[in-house]
2 protein chains.
Amino acid sequence: MSTRPARSGVTARVLDVLGAFTARTPALSLSDIARRTDLPLTTVHRLVGELTAGGALDRGDDGRYTIGLRLWEIAHLAPASTGLREAAMPFLEDLHEVTRHNVQLAVLDSADPGEVVYVERLSTRDAVSIVTRPGSRMPACATGVGLVLLAHADPADAERVLARPLRRFTPHTVCDPDDVRALLAQARAGGFVISDRQVEPVSLSVAAPVRSGDGPVVAALSVVVPADGTNPHTWVPAVRAAARGISRALGAARP
Amino acid sequence: MSTRPARSGVTARVLDVLGAFTARTPALSLSDIARRTDLPLTTVHRLVGELTAGGALDRGDDGRYTIGLRLWEIAHLAPASTGLREAAMPFLEDLHEVTRHNVQLAVLDSADPGEVVYVERLSTRDAVSIVTRPGSRMPACATGVGLVLLAHADPADAERVLARPLRRFTPHTVCDPDDVRALLAQARAGGFVISDRQVEPVSLSVAAPVRSGDGPVVAALSVVVPADGTNPHTWVPAVRAAARGISRALGAARP
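Computed from a predicted structure; not experimentally measured.

**Considerations on the overall build of chain A**
Secondary structure summary: chain A contains nine helices and eight strands in total. Whereas a compact globule of 255 residues would reach a radius of gyration of roughly 18 Å, chain A reaches 20 Å, a difference of no more than 12%. C-alpha extents for chain A along the principal axes are approximately 55 × 40 × 35 Å. Accessible surface, chain A: about 11,000 Å² in total, of which carbon and sulfur atoms supply 52%. Computed over 28 positive and 27 negative side-chain charges, the inter-centroid distance for chain A is 2 Å.

Structural data, given as structure tokens:
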């Protein structure tokens, strides 16, 4: 998870405490939190106490803390959930049913366009391996959804992303900025991206942009399927049609 | 949404600002927030600025604020998401496929056992009307999942809930505490609940408990289907089997 610069104020410290929790470590002790946030233990003790009283954190029997239900509720008021996910779900489910693998919906992090955040991910017991889940994030350049989103992002933002070193996951991860630029241009021209074995050697993703009606690209949709020699272009029409369906639903939902 | 007593400290005020956002009003101006929290506008301005800098709130082009993506990410680290939802999803999807209506997964609010919070809700375009979505909450006594959860909650907590007036939604909503007690006893004896037209006159729910392995009840699963004269008991075995499947998955996942 990207780190953010330190800021002053209690609010910033509260967010630092909440930000100490990660997917790999969803349960933390006071000492864990103090270590990760670099805050004094007394400060952490007080903030954690107040957050627990407010339901933003829960205290387990083992004395460790987890993110609380109240935060879960509040977070579901985010437009990514109320508007985007709601409109997208029927299309995600339909696409999921016909692919029988993984279907994903993601947005670009407006604070850091180099990363995408997954809003939804549908999978099946027999689906090809997938590393993402709702709420997780990935480098944009290494994913189909990320490449689609970057292709339609502010070009200055995209260039800033490409000015930084690109993280490698497999021998197929595209790490050369010029190669990424070519993929972004293809994405704009063709209306889709095939991200081939960039994250895991066993899978590829086929992604398409989701617009708000006829407006700007607000999200990206992808299927993640086995890289087993089947022609990935088979998936392109279904993914593009689903993305268009979500775009229409978002356009209809606008007040 | 239940209101919480006022507490001192900046953390409490931060949570009050976040808590001002509701499903009906997911976008708020500074004045809206000040009005709802009873905080001075200058305080709201400062807190909202700090929350926006930290990504917990996003500022829209119209000057109104929404819950931010960063909060969405953090909230997905809640055990309700990482453990419960992850384990439950395949079973929810299977049940969803065979019922073609609505499938829900909910937990009791440990801070207020009188209410349930929905962790997941799968629906279809042609499903019978449903008022819930992930992150929303309902009075426990009026729902199938709530009755199942109350049936297995601490009896003292259940009695405290029944000591308060029960909210009516339809002519079929069970508002008499003794009638609710009978339903809770049936739930424990039979392993399921049929909640008949308590929330909307067009639908009923069939609910069953989800345990952590062989341990305590941690959640409830339900289908919401049309109240169209079809025998609701038809759904009982499928719902109970899915709930057992999730329970086994949760037991296997325990470290």
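**Quick notes on the sheet that holds strand β8 (residues 217-226) of chain B**
Residues and elements named next belong to chain B. Ordered by their spatial adjacency, six strands build an open sheet running β5-β4-β3-β8-β7-β6, and the pairing between neighbours is antiparallel. Strands with a single pairing partner mark the edges of an open sheet, and in this sheet they are β5 (137-139) and β6 (193-196). Here the average twist between neighbouring strands, direction ignored, is 30°. Sheet topology places strand β3 (residues 102-109) next to strand β4 (residues 112-122); seven bridges connect them, and they run antiparallel. The residue of β4 that forms the bridge with V103 is L122.

**Thoughts on the interface of chain A and chain B**
Every contact between the two is made by 62 residues of chain A and, on the other side, 62 residues of chain B. Looking at the side of chain A facing chain B, the largest losses of area belong to T11(A), W72(A) and L77(A), adding up to 14% of the total buried there. The interface formed by chain A and chain B holds ten salt bridges in total. With its nearest N and O atoms 3.8 Å apart, the salt bridge here joins R100(A) to E97(B). Summed over the shared surface of chain A and chain B, the number is eight residue pairs in polar contact (both at pLDDT 80 or more). For the side of chain A that touches chain B, the element with the most residues is helix α5 (residues 79-99) of chain A, which contributes 13 residues. Its residues placed into classes, the side of chain A that touches chain B shows 32 nonpolar, 13 polar and 17 charged.

**Some remarks on the sheet that holds strand β7 (residues 203-211) of chain A**
Residue and element names in this part refer to chain A. Ordered by their spatial adjacency, six strands build an open sheet running β5-β4-β3-β8-β7-β6, and the pairing between neighbours is antiparallel. Every other strand in the sheet has two partners, leaving β5 (137-139) and β6 (193-196) as the edge strands with one partner each. Each strand axis lies, on average, 30° off the axis of its neighbour in the sheet, ignoring direction. As paired elements, β6 and β7 share four bridges and run antiparallel to each other. Counted as the bridge partner of I194 is V206 from β7. The strands that helix α6 (residues 144-151) touches are β3 (102-109), β4 (112-122), β6, β7 and β8 (217-226); relative to β8, the one it contacts most, it runs at about 155°.

**Concerning the relation of the copies chain A and chain B**
For the pair chain A and chain B, the superposition axis carries a translation of 0.0 Å, the fit reaches an RMSD of 0.0 Å, and the rotation angle comes to 180°. Interpreted geometrically, this transformation is the action of a two-fold axis. When C-alpha distances to the rotation axis are compared across chain A, the minimum falls at A75(A), with a value of 3.1 Å. The fraction of interface residues of chain A whose copies in chain B are also interface residues reaches 100%, indicating that both copies meet through the same surface.

**Overview of the domain arrangement of chain A**
Interfaces are often sized by the amount of accessible area the parts lose when they come together. For chain A, the assigned domains are domain 1 (10-75) and domain 2 (79-253). Between the C-alpha centres of domain 1 of chain A and domain 2 of chain A there is a distance of 31 Å.

**Brief notes about the environment of L84(B)**
All names here are of chain B. Relative to the assigned elements, L84 resides in helix α5 (residues 79-99). Taking the relative accessible area as the measure of exposure, L84 reaches 9% and is therefore buried. The sequence separation of L84 and A253 amounts to 169 residues, and the corresponding C-alpha distance is 9.8 Å. For L84, the contacting residues outside a window of four places in its chain are P79, L105, V107, V119, A219 and L250.

Procedures and definitions
- Residues numbered from 1 in each chain as written.
- Chains lettered and ligands numbered in written order.
- Predicted model: local features only at pLDDT ≥ 70, side-chain atom pairs only at ≥ 80, totals over all residues.
- Heavy atoms only, no water.
- Helix = DSSP H or I, 4+ residues; strand = E, 2+ residues; numbered from the N terminus.
- Rg over C-alpha atoms; globule rule 2.2 N^0.38 Å.
- Areas by Shrake-Rupley, 256 points an atom, 1.4 Å probe, with all protein chains shown as cover.
- Lys, Arg positive; Asp, Glu negative; His and termini not counted.
- Charge placed at Lys NZ, Arg CZ, Asp CG, Glu CD.
- Pairing = 2+ DSSP bridges.
- Axes fitted to C-alpha atoms, helices over the stretch in contact; angles between N-to-C directions.
- Contact = heavy atoms within 4.5 Å.
- Buried area = accessible area lost by both parts, 1.4 Å probe.
- Salt bridge = Lys/Arg side-chain N within 4 Å of Asp/Glu carboxyl O.
- Polar contact = N/O pair within 3.5 Å; in protein donor to acceptor, adjacent residues only side chain to side chain.
- Nonpolar A, V, L, I, M, F, W, Y, C, P; charged D, E, K, R; others polar.
- Least-squares fit on C-alpha atoms with pLDDT ≥ 70 in both.
- Domains from an automatic or database assignment.
- Buried < 20%, exposed > 50% of the residue type's maximum accessible area, 1.4 Å probe, protein only.

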